[in-house]
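Coordinate analysis (summary)
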Amino acid sequence: MTEQQTRRISPRSIGTSLDRVDGPEKVTGLASYAVEHAADDGVAAPLSLWLVTSTVAKGRVTRVDGSAALTHPGVTAVLDHTNAPRLAKTDNGELAILQDDRVGFRGQVVALVLAESSEAAREGAALVEVTYEQQPHAAELREDNATYRPERVNPDMETDTDEGDVDAALASAEVVVEQTYRTPYEHNNPLEPHATVAWWEQHDGRDVLTMFDSTQGVHGVVQALAPMLGLEPDQVRVRAPYVGGGFGSKGEAHAHVMAAALAARTTGGRPVRVAVTRQQMFSLTGYRTATISHIRLGADADGRLAAIEHAVQEQTSVVREFAEQTAAPTRMMYAAPNRRTSHRLARLDVAVPSWMRAPGEMPGMYAHEVAMDELAVACGLDPIVVRERNEPDRDPETGKPFNDRRLLDCLHRGADRFGWGDRPLQPRSRLDGDWWVGTGVASATYPAMRSPGNSARITSLEGGRYAVAIGAVDIGTGARTVLTQIAADALEVDPADIDLALADSLLPPASVAGGSSGTTSWGTAIVAAAQLFRADHGDTPDPGLHTTASAADNPAAEEFAFHSFGAVFAEARVNRWTGEVRVPRLHGVYSVGRVINPRTARSQLIGGLVMGLSAGLFEESYRDPRFGHVVTQDLATYHVAAHADVLDVDAEWLEESDEVFTPMGSRGIGEIGIVGTAAAVANATFHATGVRVRSLPLTPDHFLTS
C-alpha cells in the first residue's frame, strides 16, 4: 500500500445534482438489506434467531428452562450461558453475552432461540422460562449521583478544561446568567431495524465467519468481533450493501451481532438470521444519554462575555463506559478569557448508551444557545448582536486560527432571508388569534473531522472505465453517489465510467460512516489512489492495472482549527389555551465547504433540521427507575415529528470551497443540521410567550401558565 499526498482536483461532476446511482434499485425494490440476505447458493436456508432478554435490571440468572420451547414446532435450539460457545475475550461487556450468569441491565440478552421461521422462534422465546436472583439496582440519573469523572470523553477528548479565573470573572460581571438545562434520553430509530445474517465455513482449514450486517462500518464490526471470537481479522467477512439509516446507532457492533455469530457456531454451517425488534432496540442498540447542563455566563452590560462555565452531568452503564462530549462545543464557540468545562457521570445499571446524531454537540449546543438567548434578553439586545460581540478571532480552545469560520455570514444571510429585521425585541408581543407568535435563532457548529485508516483501490477496465473500491458504507446518505462523483473528477472521466464497490470488509479499509467524516475520509483516499494510479499508469492504461493508496496526513491539521458553522432560525406559534407548539418556519444556513451534490446535501441538512425539530417538540424516552427499563419503547409512545409537524423547512449553504481541508473542498454535513435546531425552537417559544423552558421536549404543559 502506498501513501499518497493528495492535490486539489478540478470539479466537473462535483457540485452537480447527479441522480442517486442506487436510486433505481431502491425504488424498484431490488436493493437487499441485511435481513433479506442468505448465504451463497447451495447453502441451506437461514434459521431464525430470537433474543430472550432479561426482565430484571440487576442480578444473576439462576435457571433457564428451554424445555417447553424445544417441544414447540420448528424450534431447533435454545442457548444460554450454560451452553453457548465461549469467547476468547470478554473485555467488551456489551458484546460478551451468554458468558456468565450476571445481569447488568434490564433487556440484556439472556438466551437465544433458533427455529425454522421467525414466527416459531418468537413463539419459542415466549416459552423460555428464566428465573433470577434479583439484586438492588440504580437506574435514575440525578444531580447527586452523577459524580464519577471519566478519563476521557467521546471520541478522545479531555474530560475537563479550565482557563483563567472563572469564579472571579463571574463575581465581577455586570450580567450573569446561571441556569440548568436538561435534555432527555433519546433513541435512534432508523427505518431499518438492526439485523444480521451470519454463517461459518471452512476455508483452507480455518474457520471463517461471514456476515451481512446492518452497520455503519463493516471494518469496525470485524475489529470488534474477531479478537473476541479468537479469530484473525481475515477470518471475518462483513458486508452491508444497503443500510436503511443508522443515526449513529449502527456505528458499533451491538449484542445481536455477537448473538448471531455465537448461534451460527452451533448450526453446522447453516446461516442464522436475527432482526432486532423495535422494542428491543430501546435496550440493545444504543441511545443518547440524558444530560444536565449547568451553565454560567458572565458578561458586561453590552453582552461581551468575560466567563463561560459549562458543567455537564450525564450517565453511563456499568456494563460498558460511554462518556458523551456534551460540553465540547462550548470550549470553542464564543470568545471569553475565562472558561471552564467538565463532565461527570452516573454509572447506572442500564443499557449502554452510544452515538446518536451529533453526540455531545446536539445537547450541549442546546444548553449553550438557550443560555446565549437568555444573555441577550438580560442585556436588552438582539440575539444576533450578542453573538456578533462574542465572535472570536481564534479558536478559544486551541489558540489556533480558524481555517474558515463564517458563523456571522450564516447569521446575517439567514436573518435577511428569514425576515429577522421585523422581529420585535420584547417577548409576548404578537398574538394572532389564539396563537402567540415568536421567532428564535441559534448557532450551529460541528468539527470537521477526517478519520485515519482509509485506503482505496483503482483498477482500469475496458473502454476507459474504472473500478473504484473502498470498504465504506452508504447508510442512505448518498455516499455511493458523491464518491462516484469524486472518483470521476479525480480520474477526469464521466460518473458513468466509474464502477464503485463499497461495503465489504474484503475491500480496502474504511472508517465508520459517522462523525460527518465519511465523505471527507473516503473521498480523500479515493483522490489519492486516483492520482497515484495516473502517476503509475498514465492517462490511457491497459485494462487490469490497479493501484491502492491512502492519503497522507494533512499538515494543516496542526496549523488550523477546522469546524463547520451554521445558523438556525425558527418561528414558533404557541396556543394560548392549550399550550400546543407549532413551528411553521424553520430555516438553516450553513458553511460546510464545497457541496459535492446539492440534492443529497440538501436532503441531509433538511433531515438534520427535522430531527432537531423532533427533538425539540416530541422526543423523550422515559426510563422507569423502579424497574430499570424504558417504558416508551415503540413509535406509538416515543413520539417523533410526523408530516403534519414539518411545515416550511429549508436549508441553504454559503458558496465556498475548503481545499485546505480536503482536495474536494468539502467538509462533513451529516450532523450539523441537528445542532442548534432545538435551541432555535426553544428560543422562539420564549419570544412568543415569555415563558422560558429549559428542558426538552417543549411539551404543551410548559406553557400553560396563568
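Cut-off values and rules
Here the residue numbering is sequential within each chain, running from 1 through the sequence in written order. Residues qualify for local features only when their pLDDT is at least 70, as the model is predicted, and side-chain atom pairs are given and counted only at 80 or more; totals for whole chains, interfaces and linings, by contrast, use all residues. To obtain the side-chain values, all non-hydrogen atoms of the structure were used and water was disregarded. Helix numbers and strand numbers start at the N terminus; a helix is a DSSP run of H or I with at least 4 residues, a strand a run of E with at least 2. Radius of gyration: over C-alpha atoms. The globule rule applied is 2.2 Å multiplied by the number of residues raised to the 0.38 power. Contacts are assigned to residue pairs with any non-hydrogen atoms lying within 4.5 Å of each other. Reported accessibility uses the Shrake-Rupley method at a 1.4 Å probe radius. Residues are deemed covered only where the shown protein chains occlude them. Under this rule, positive means Lys or Arg and negative means Asp or Glu; His and the chain ends count for nothing. Here the site of a charge means NZ on Lys, CZ on Arg, CG on Asp, or CD on Glu. At least two bridges found by DSSP between two strands is the condition for calling them paired. Angles shown run from 0 to 180 degrees and are taken between the N-to-C directions of axes, each axis being a line fitted to C-alpha atoms and, for helices, limited to the stretch in contact. Under the pairing criterion, centres of Phe, Tyr and Trp rings, with the six-membered ring standing for Trp, must be within 6.5 Å; the plane angle then separates stacked pairs below 30 degrees from edge-to-face pairs above 60, leaving the rest tilted. Working definition: with a 1.4 Å probe on protein chains only, accessible area under 20% of the residue-type maximum means buried, over 50% means exposed, and in between means partly exposed. Definition used: whenever NZ (Lys) or CZ (Arg) falls within 6 Å of the ring centre and also within 35 degrees of the ring normal, the charge is taken to sit over that ring. In this scheme, roughly parallel covers angles under 35 degrees and roughly antiparallel covers those over 145, while 65 to 115 is roughly perpendicular and the rest are oblique. Here is the rule for handedness: rotate from the far helix to the near one, and if that takes an anticlockwise turn smaller than a right angle the crossing is left-handed, while a clockwise turn gives right-handed. Any residue with relative accessible area above 30% and no salt bridge may belong to a patch, with like charges joined within 9 Å and the nonpolar Val, Leu, Ile, Met, Phe, Trp and Tyr side chains within 5 Å. Criterion for a salt bridge: a side-chain nitrogen of Lys or Arg within 4 Å of a carboxyl oxygen of Asp or Glu. One less than the number of residues in a helix, times 1.5 Å, gives the span that helix is expected to have.

Bringing the overall build of the protein into the picture now. Across its full length, the protein holds 14 helices and 29 strands. A compact globule built from 706 residues would reach a C-alpha radius of gyration of about 27 Å, and the protein, at 26 Å, matches this within 12%. Taken along its principal axes, the extent of the C-alpha atoms in the protein is 75 × 70 × 50 Å. Once local pairs closer than 6 in sequence are excluded, the contacts in the protein between residues at least 24 apart make up 82%. Total accessible area on the protein is roughly 26300 Å²; 48% of this is exposed by carbon and sulfur atoms. Each charge class in the protein can be summarised by its mean position, and for the 63 positive and 93 negative side chains these summaries are 2 Å apart.

Moving on: the sheet that holds strand 15 (residues 272-275). Spatially, 4-6-2-15-12-13-14 is the arrangement adopted by the seven strands of the open sheet, whose pairing is mixed. Each end of this open sheet is capped by a strand with a single partner; those strands are strand 4 (75-79) and strand 14 (236-239). Going across the sheet, the axis of each strand differs from the next one's by a mean of 25 degrees, ignoring polarity. Relative to strand 6 (residues 109-115), strand 4 runs antiparallel, the two being bridged by four bridges. The residue of strand 6 that forms the bridge with Leu79 is Leu112. Running at roughly 150 degrees to strand 14, helix 5 (residues 218-228) makes contact with strand 13 (206-213) and strand 14 of the sheet.

Pairing is mixed in the open sheet, where five strands are placed in the order 10-18-17-16-11. Both outer strands of the open sheet, strand 10 (161-163) and strand 11 (175-183), are each paired with one neighbouring strand and no more. Across the sheet, the mean angle separating the axes of adjacent strands is 15 degrees when strand polarity is ignored. Docked against the sheet, helix 8 (residues 361-379) engages strand 11, strand 16 (291-299) and strand 17 (305-317), running at close to 150 degrees with respect to strand 11.

The subject of this paragraph is the packing of aromatic side chains. Here the structure, examined in full by the defined rule, presents ten aromatic pairs. Relative to Tyr638, the ring of Phe282 has its centre 5.7 Å away and its plane inclined at 70 degrees; by these criteria the two rings are edge-to-face. Of the two residues, Phe282 sits in helix 7 (residues 281-284) while Tyr638 sits in the loop between strand 28 (629-630) and strand 29 (648-653), which places them 356 residues apart along the sequence. Summarising the burial analysis for this pair, Phe282 and Tyr638 share the class buried. Lying across the ring of Phe402, Arg405 places its NZ or CZ 5.0 Å from the centre. Taking the ring centre of Tyr242 as reference, the NZ or CZ of Arg480 above it sits at 4.4 Å.

With that settled, the discussion passes to the pairing of strand 20 (residues 435-447). Moving residue by residue along a regular strand, the side chains alternate between the two faces of the sheet. A large share of strand 20 lies buried, amounting to 13 of its 13 residues. Residue alternation in strand 20 divides its side chains into two sets, Trp435, Val437, Thr439, Val441, Ser443, Thr445 and Pro447 and Trp436, Gly438, Gly440, Ala442, Ala444 and Tyr446, and both sets are buried. For strand 19 (residues 431-432) and strand 20, the ladder comprises two bridges, and the chain directions are antiparallel. By the bridge assignment, Asp432 is partnered in strand 20 with Trp435. Taken together, strand 19 and the strand that follows it, strand 20, pair antiparallel across an intervening segment of two residues, in which Gly433 is found at a positive phi of about 65 degrees. As judged from the 13 bridges shared by strand 20 and strand 25 (residues 563-575), these two strands associate in the antiparallel manner. The partner of Gly440 across the bridge, within strand 25, is Ala570.

Our next topic: the packing of helix 11 (residues 479-491) against helix 12 (residues 518-537). Contact pair helix 11 / helix 12: the axes reach a minimum separation of 9 Å and the direction vectors enclose 30 degrees. Between helix 11 and helix 12, the interaxial angle falls into the category roughly parallel. Crossing of helix 11 against helix 12: the hand is right-handed. Of helix 12, the residues touching helix 11 (which contributes Ala479, Val482, Leu483, Ile486, Ala487, Ala490 and Leu491) are Thr519, Trp522, Gly523, Ile526, Val527, Ala530 and Arg534.

Moving on, we come to a negative patch on the surface. A cluster of like negative charges, contributed by Glu3, Asp553, Glu558 and Glu559, occupies part of the molecular surface. Here Glu559 lies in the loop between strand 24 (546-551) and strand 25. With relative accessibility at 45%, the residue Glu559 sits in the partly exposed group.

Now for helix 5. Every buried residue of helix 5 is accounted for by Val218, His219, Val221, Val222, Leu225, Ala226 and Met228. The inward-facing, buried residues of helix 5 contact strand 13, strand 14 and helix 6 (255-264).

Before going further, it helps to spend a moment on the pattern of salt bridges. Summed over the entire model, instances satisfying the criterion amount to 47 salt bridges. Here Arg480 makes a salt bridge to Asp22, at a shortest N to O gap of 4.0 Å. Placement of the pair is Arg480 in helix 11 and Asp22 in the loop between strand 1 (2-4) and helix 1 (23-27), with a sequence separation of 458 residues. The exposure class assigned to Asp22 is buried, which follows from its relative accessible area of 1%. Residue Asp650 is joined to Arg602 by a salt bridge in which the shortest nitrogen-to-oxygen separation is 3.1 Å. Of this pair, Asp650 sits in strand 29 while Arg602 sits in helix 13 (residues 598-617), and the two are 48 residues apart along the sequence.

Attention now goes to the environment of Leu112. Topologically, Leu112 is positioned in strand 6. In this structure, the C-alpha to C-alpha distance between Leu112 and Ala259, residues 147 residues apart in sequence, is 7.6 Å. Excluding anything up to four places from it in sequence, Leu112 contacts Leu49, Trp50, Leu51, Ala77, Val78, Leu79, Leu98, Ala259 and Ala263.

Attention now moves to helix 13. Side chains of residues three or four places apart in an α-helix project in the same direction, reflecting 3.6 residues per turn. Taking 1.5 Å per residue as the helical rise, helix 13 with its 20 residues ought to reach 28 Å, and the 28 Å between its terminal C-alpha atoms agrees with that figure. For helix 13, the tally of buried residues reaches 14 of 20 residues, placing the bulk of the element in the interior.

Another aspect to go through is unusual backbone geometry. Looking along the chain, the bond that leaves Asn154 and enters Pro155 is cis, with omega of -5 degrees. Along the chain, Pro155 turns up in the loop between strand 8 (152-153) and strand 9 (157-158). Cis geometry marks the peptide bond from Leu696 to Pro697; its omega dihedral reads -5 degrees. For Pro697, the position within the fold is in the segment after helix 14 (677-689). Here Ala358, not a glycine, exhibits a phi torsion of approximately 60 degrees, which is positive. With respect to the helices, strands and loops of the structure, Ala358 is situated in the loop between strand 18 (338-348) and helix 8. The residue Ser516 is not glycine, and still its phi comes out positive at about 50 degrees. Inspection of the secondary structure assignment puts Ser516 in the loop between strand 23 (498-501) and helix 12.

Take it as geometry only, folks, not as evidence of what the structure does.
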